[in-house]
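Analysis of the macromolecular model
Each chain is listed here by its residues.
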Amino acid sequence: MAKRGGFPGGMPGSMSTLMKQAQRMQRQMEESKKALEEKEFSAKAGGGAVEVTVDGAKTVKGIRIAPEAVDPEDVEMLQDMIVAAVNEAMKQVDEASEQLLGGMTGGLGF
(Lines give C-alpha, C1' and ligand atoms only; values in the text may rest on other atoms or scores of the structure.)
Protein backbone atom coordinates (compact mmCIF):
# COMPACT_ATOMS: atom_id res chain seq x y z
CA MET A 1 0.00 0.00 0.00
CA ALA A 2 1.37 3.44 -0.94
CA LYS A 3 2.32 5.92 1.76
CA ARG A 4 0.42 9.17 1.93
CA GLY A 5 1.65 12.64 2.81
CA GLY A 6 5.01 14.27 2.16
CA PHE A 7 7.12 13.92 -0.94
CA PRO A 8 10.03 11.64 -0.15
CA GLY A 9 13.02 12.50 -2.27
CA GLY A 10 11.86 16.05 -3.10
CA MET A 11 9.03 17.71 -4.97
CA PRO A 12 7.22 15.86 -7.70
CA GLY A 13 7.78 17.15 -11.24
CA SER A 14 4.53 19.07 -11.49
CA MET A 15 5.11 20.91 -8.19
CA SER A 16 8.66 21.78 -9.19
CA THR A 17 7.43 23.10 -12.54
CA LEU A 18 4.75 25.15 -10.80
CA MET A 19 7.33 26.71 -8.46
CA LYS A 20 9.57 27.62 -11.40
CA GLN A 21 6.66 29.21 -13.23
CA ALA A 22 5.74 31.22 -10.12
CA GLN A 23 9.33 32.44 -9.75
CA ARG A 24 9.46 33.40 -13.43
CA MET A 25 6.15 35.28 -13.11
CA GLN A 26 7.45 37.11 -10.04
CA ARG A 27 10.60 38.20 -11.94
CA GLN A 28 8.49 39.36 -14.89
CA MET A 29 6.20 41.33 -12.59
CA GLU A 30 9.17 43.00 -10.89
CA GLU A 31 10.69 43.93 -14.26
CA SER A 32 7.37 45.26 -15.51
CA LYS A 33 6.83 47.28 -12.34
CA LYS A 34 10.29 48.84 -12.72
CA ALA A 35 9.59 49.69 -16.36
CA LEU A 36 6.26 51.25 -15.36
CA GLU A 37 7.92 53.34 -12.64
CA GLU A 38 10.36 54.77 -15.22
CA LYS A 39 7.57 55.75 -17.61
CA GLU A 40 6.07 59.26 -17.53
CA PHE A 41 2.41 60.24 -17.81
CA SER A 42 1.07 63.73 -18.51
CA ALA A 43 -2.40 65.17 -18.14
CA LYS A 44 -3.84 68.60 -18.89
CA ALA A 45 -6.68 70.57 -17.36
CA GLY A 46 -8.35 73.87 -18.11
CA GLY A 47 -8.02 73.40 -21.85
CA GLY A 48 -4.29 72.88 -21.52
CA ALA A 49 -3.68 75.77 -19.13
CA VAL A 50 -2.21 73.34 -16.59
CA GLU A 51 -0.16 70.25 -17.39
CA VAL A 52 1.11 67.78 -14.79
CA THR A 53 3.67 65.04 -15.41
CA VAL A 54 4.04 62.08 -13.06
CA ASP A 55 6.10 58.91 -13.24
CA GLY A 56 4.81 55.38 -12.83
CA ALA A 57 5.68 55.48 -9.14
CA LYS A 58 3.15 58.34 -8.83
CA THR A 59 5.79 60.97 -8.14
CA VAL A 60 4.96 64.40 -9.58
CA LYS A 61 7.82 65.24 -11.91
CA GLY A 62 6.62 68.60 -13.17
CA ILE A 63 3.81 71.12 -13.38
CA ARG A 64 3.46 73.56 -16.25
CA ILE A 65 1.11 76.52 -15.84
CA ALA A 66 0.31 78.80 -18.76
CA PRO A 67 0.71 82.48 -17.82
CA GLU A 68 -2.90 83.21 -18.78
CA ALA A 69 -4.05 80.68 -16.16
CA VAL A 70 -2.63 82.81 -13.36
CA ASP A 71 -5.38 85.17 -12.24
CA PRO A 72 -4.72 86.70 -8.81
CA GLU A 73 -8.47 87.22 -8.49
CA ASP A 74 -9.23 83.52 -9.03
CA VAL A 75 -6.54 81.41 -7.39
CA GLU A 76 -9.12 78.77 -6.54
CA MET A 77 -9.70 77.94 -10.22
CA LEU A 78 -5.95 77.45 -10.75
CA GLN A 79 -5.82 75.17 -7.73
CA ASP A 80 -8.75 73.16 -9.08
CA MET A 81 -7.06 72.79 -12.48
CA ILE A 82 -3.87 71.53 -10.81
CA VAL A 83 -5.81 68.99 -8.75
CA ALA A 84 -7.73 67.83 -11.84
CA ALA A 85 -4.53 67.39 -13.85
CA VAL A 86 -2.78 65.50 -11.03
CA ASN A 87 -5.76 63.20 -10.56
CA GLU A 88 -5.97 62.47 -14.29
CA ALA A 89 -2.25 61.71 -14.49
CA MET A 90 -2.52 59.35 -11.51
CA LYS A 91 -5.49 57.65 -13.17
CA GLN A 92 -3.32 57.07 -16.25
CA VAL A 93 -0.70 55.38 -14.07
CA ASP A 94 -3.35 53.16 -12.48
CA GLU A 95 -4.72 52.16 -15.89
CA ALA A 96 -1.25 51.40 -17.27
CA SER A 97 -0.45 49.37 -14.17
CA GLU A 98 -3.68 47.40 -14.49
CA GLN A 99 -3.00 46.66 -18.16
CA LEU A 100 0.58 45.64 -17.50
CA LEU A 101 0.24 43.66 -14.30
CA GLY A 102 -3.40 42.57 -14.68
CA GLY A 103 -2.55 40.64 -17.82
CA MET A 104 0.24 38.79 -16.06
CA THR A 105 -1.79 37.60 -13.11
CA GLY A 106 -4.58 36.37 -15.36
CA GLY A 107 -7.28 34.87 -13.21
CA LEU A 108 -5.04 34.24 -10.23
CA GLY A 109 -6.85 36.79 -8.05
CA PHE A 110 -3.84 38.97 -7.24
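Residues numbered from 1 in each chain as written. Predicted model: local features only at pLDDT ≥ 70, side-chain atom pairs only at ≥ 80, totals over all residues. Heavy atoms only, no water.

Turning our eyes to something else, we now look at the environment of threonine 53. Relative to the assigned elements, threonine 53 resides in strand E2 (residues 50-55). Threonine 53 sits 12 residues away from phenylalanine 41 along the chain, and the two C-alpha atoms are 5.5 Å apart. Every residue in contact with threonine 53, bar those within four places of it in the chain, is listed here: Glu40, Phe41, Ser42, Thr59, Val60, Lys61 and Gly62. (Helix = DSSP H or I, 4+ residues; strand = E, 2+ residues; numbered from the N terminus. Contact = heavy atoms within 4.5 Å.)

Side chains of Val60, Ile63, Ile65 and Val70 sit close together on the surface and give an oily, nonpolar patch of about 310 Å² of accessible area. Looking at the secondary structure, you find isoleucine 65 in strand E3 (residues 60-65). (Patch = residues over 30% accessible without salt bridge, like charges linked within 9 Å, V, L, I, M, F, W, Y side chains within 5 Å. Areas by Shrake-Rupley, 256 points an atom, 1.4 Å probe, with all protein chains shown as cover. Salt bridge = Lys/Arg side-chain N within 4 Å of Asp/Glu carboxyl O.)

Take the pairing of E2 next. Of all six residues in E2, five are buried, a share of seventy percent or more. Adjacent in sequence and paired antiparallel, strand E1 (residues 40-45) and E2 are bridged by four residues, among which glycine 46 carries a positive phi angle near 65 degrees. Inspection of the sheet shows E2 paired to E3 by five bridges, in the antiparallel sense. When the sheet's bridge partners are listed, threonine 53 is paired in E3 with glycine 62. In textbook terms, the turn of a hairpin is the stretch between consecutive antiparallel strands, and for E2 and E3 this stretch comprises four residues, one of which, lysine 58, has a positive phi near 65 degrees. (Buried < 20%, exposed > 50% of the residue type's maximum accessible area, 1.4 Å probe, protein only. Pairing = 2+ DSSP bridges.)

With that out of the way, let us pick up the nonpolar core. It is characteristic of soluble globular proteins that their nonpolar side chains tend to be buried jointly. The biggest cluster of nonpolar side chains holds 17 residues, and the ones touching the most others in it are Phe41, Val50, Val52, Val54 and Met81. Elements represented by at least two residues in this core include exactly E1, E2 and helix H2 (75-105). Considering each element in turn, this core owes the most residues, eight residues, to H2. Excluding its chain neighbours within four sequence positions, the residues that come into contact with methionine 81 are Ala45, Gly46, Ala49, Val50 and Ala69. (Core = buried A, V, L, I, M, F, W, Y, C linked by side-chain atoms within 4.5 Å.)

The backbone of lysine 58 shows a phi angle near 65 degrees, a positive value even though the residue is not glycine. Mapped onto the elements of the fold, lysine 58 is located in the loop between E2 and E3.

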